Amino acid sequence: MKARWGLLLIVPLCFSAILLLGSQAIFLKASLFADLGFGKTASVPDLSNYALILTDRYYAGTLWLTTYISLIVAGCCVVFGFPVANILARMRSHWVGLLLSMIVLTSFVTTVIQIVGLMIIFRADGPVNQVLLGLGLADRPFSLIGTVAGVVVGLVYASFGFAVMLMYSVAKTIPPSLEEAAAVHGASPLRIFTRVVLPLSLPGVVVGFLTVFNLSMGAFTSAALLGGGRVITLPVLIQRTMLIDVKYGMAGALAAVLLAFVVILNLMSAAVLNRFRAARMVAS
Amino acid sequence: MTTDVQVDVDAATQQPIAAARRRRTIKPRSLLSIAYVTLVFVFLLAPLVVVIGGSFSAPENDAVVMSYVQFPPKQLTLKWYREIPPAQLRSLGLSVALALSVALAACILGVPAALGLVRGRFPGKSLIAATLRAPLQIPHVVSGIALLQLYYAFAELAGINLQATLAGLFLGHLFLATPFVIGSVAAVLVRFNRRFEEVALSLGASRWRTLWRVTLPVIMPGIFAGALYAFIVSFVDVPVAMFLAASDRTTYPVELFYAMEQDFNPSSLASASLTALLALALVVIAQRLVGLDNFLKAKSK
């Protein structure tokens, strides 16, 4: 009788297996064939696409740029998002629900709309540039489109809410009584932060960093719109190689490299969580 | 102001020393916290506010495309709402219909899968769970290109063309969305007390009746949360639809993406505001149906 529950898995598993394993197998296989132009590929498989990615200045540079941008984005999200997550977790008012639902609201709107809004705010005569120029912080308008800084701003915006949510859910599990106990025993706010709050929040911070890094490595929409064809990250390069250059082999190899990155990062997050769980710092 | 009063009451009635310490350390910090949180949320909401505000603003000159948009609007107009390009309205309709059918289909696939995963006892379960969860881990660009190549191969082998068809796009979004339903339903099922079912069975209800009248109602919040995620995943996706959809019959985000690159004008802000309104309605529905806490819990699993 009990074994029957397993039968329910047959249909969803077939669906998933065909689309997942089928598609992954096909594009990984395609990545082994060098492109000859016009959508044609070589008949003998080799590793030339992968060799090109690692040796060619353009491909290797894109890989490095994407990693570099994602590291900055993950750092910004954690540094700016951590205080927000902690403050929200310690707040005892109806505002928390409202603020959390605002974060959810931004995730319900497509990235394209968010980027349109950011472009209006950051345009040459927009409010941000008026403040920057007015205070003398910049001598010419900051351009969001086509600059690395612009892509970073867009990606931080895209992942920020998610990072706050993730760290909030961890911060919520830390009893406030621990901080109060430290305060009663005369610890300074700085000491409370470095010796109590930070060590306890570490799983949230580490997993938040890795998750945002991961999301940014794979982010297409905001990177494509803000890069403006001048700053090209790995996902944008994959899309261009596939749809504009029609190089299936190369696009497949680039996608495989991105996938490898992401899988490694996911395994790292899982390992971090497991270690903290073993130390009973996170509720399992 | 109100925090001042609270601290004074505390100091007068309860523990004077602790309250004094609190007054010295926390008060300036909490002011700073409030200022910081406000700033962050202004940053988070500003793009949406600007888009909606801009959609009502009358243009001062017709010369430059982006500086069309006045924010804050000096003069209000509904002009842009009347001028939303038909292609955008059509794609918006397509997006809503697609997201609804993806949400429904994801539940049909995902609920049995969650039941099987949580309750089934068989070898290789963790491998199957990993396979079912895998689409969550793959960047959407990679899923898009992988599915496109699968469709090419499928057309070659079986003669059925899925590339640039609605069916192909639907399957692609279903692939992305189903793991969300499995995750949120499984999260509810793990906490489910099997006694309820045993009671129903011992009182003579059939297995189907038990499933229908006991199990389903209990896991309903999980199904709703999962369906909502499935809807959103399909509704906001750009890369997968860009690879799989026909360029003349695509989803709203992709249509807007191309409009941004080609002929941007404030009528795009008008259509964007309509979808923002829809998103707001969905947040309210999420709150009413499942409660925000359950919704977020389902997400983190």
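This is a predicted model, so every value here is computed, not measured.

Explain the overall build of chain A here, please?
Scanning chain A from N- to C-terminus turns up 12 helices and 2 strands. Ordered by position from N to C terminus, the α and β elements of chain A give α-β-β-α-α-α-α-α-α-α-α-α-α-α. For chain A, the spread of C-alpha atoms along the principal axes amounts to about 75 × 70 × 35 Å. Taking the intrachain contacts of chain A between residues at least 6 apart in sequence as the baseline, contacts between residues at least 24 apart amount to 71%.

Got a minute to help me understand the interface of chain A and chain B in this structure?
When the parts of a complex come together, some accessible area is lost, and that lost area is often taken as the interface size. On the side of chain B, 72 residues touch chain A, which itself brings 69 residues to the contact. Considering every element that reaches the side of chain A that touches chain B, the biggest residue donor is helix 1 (residues 10-30) of chain A, with 14 residues. Looking at the side of chain A that touches chain B residue by residue, the classes come out as 48 nonpolar, 18 polar and 3 charged.

How should I be thinking about the packing of helix 2 (residues 48-55) of chain A against helix 3 (residues 57-90) of chain A in this particular structure?
Residue and element names in this part refer to chain A. As a packed pair, helix 2 and helix 3 sit with axes 5 Å apart at the nearest point and diverge in direction by 70 degrees. Taken together, the axes of helix 2 and helix 3 lie roughly perpendicular to each other. When helix 2 is examined against helix 3, the residues Leu52, Ile53, Leu54 and Thr55 are found in contact with a partner set consisting of Tyr59, Ala60 and Leu63. Here the contact of helix 2 with helix 3 is composed, by residue class, of 6 nonpolar, 1 polar and no charged.

Help me understand the domain arrangement of chain B in this model?
All names here are of chain B. Looking at the assigned domains, one finds that chain B contains domain 1 (2-54) and domain 2 (87-300). In this complex, domain 1 contributes 4 residues to the contact, which on the side of domain 2 involves 5 residues. Residues belonging to the side of domain 1 that touches domain 2 are distributed by class as follows: 3 nonpolar, 1 polar and no charged.

Would you explain helix 11 (residues 252-261) of chain B in this entry?
Counting along an α-helix, one turn takes 3.6 residues, and residues three or four places apart therefore face a common direction. Most of helix 11 of chain B sits out of view: 7 of its 10 residues are buried. The set of residues buried in helix 11 of chain B consists of Tyr252(B), Pro253(B), Val254(B), Glu255(B), Leu256(B), Phe257(B) and Ala259(B). The secondary structure elements touched by the buried residues of helix 11 of chain B are helix 5 (111-121) and helix 10 (221-227) of chain A together with helix 4 (86-119), helix 9 (207-236), helix 10 (239-244) and helix 12 (267-289) of chain B.

Help me out: how do you make sense of the packing of helix 7 (residues 166-190) of chain B against helix 9 of chain B in this one?
A pair of packed helices is captured by two measures, namely the crossing angle of their axes and the spacing between those axes. All names here are of chain B. The interhelical angle for the contact between helix 7 and helix 9, taken along N-to-C directions, is 160 degrees, at an axis separation of 8 Å. The angle between helix 7 and helix 9 falls in the class roughly antiparallel. For the pair helix 7 and helix 9, the crossing hand works out as right-handed. Here His173, Leu176, Ala177, Phe180, Val181, Ser184, Val185, Ala187, Val188 and Leu189 of helix 7 come into contact with helix 9, specifically with Ile219, Pro221, Gly222, Ile223, Ala225, Gly226, Ala227, Tyr229, Ala230, Val233 and Ser234. Across the contact of helix 7 with helix 9, the residue classes break down as 16 nonpolar, 5 polar and no charged.

The rules we used
Residues numbered from 1 in each chain as written. Chains lettered and ligands numbered in written order. Predicted model: local features only at pLDDT ≥ 70, side-chain atom pairs only at ≥ 80, totals over all residues. Helix = DSSP H or I, 4+ residues; strand = E, 2+ residues; numbered from the N terminus. Contact = placed C-beta atoms within 7 Å. Nonpolar A, V, L, I, M, F, W, Y, C, P; charged D, E, K, R; others polar. Axes fitted to C-alpha atoms, helices over the stretch in contact; angles between N-to-C directions. Parallel < 35°, antiparallel > 145°, perpendicular 65-115°, else oblique. Domains from an automatic or database assignment. Buried ≥ 20, exposed ≤ 12 C-beta atoms within 10 Å, placed from the backbone. Left-handed = near helix turned anticlockwise from the far one by under 90°.

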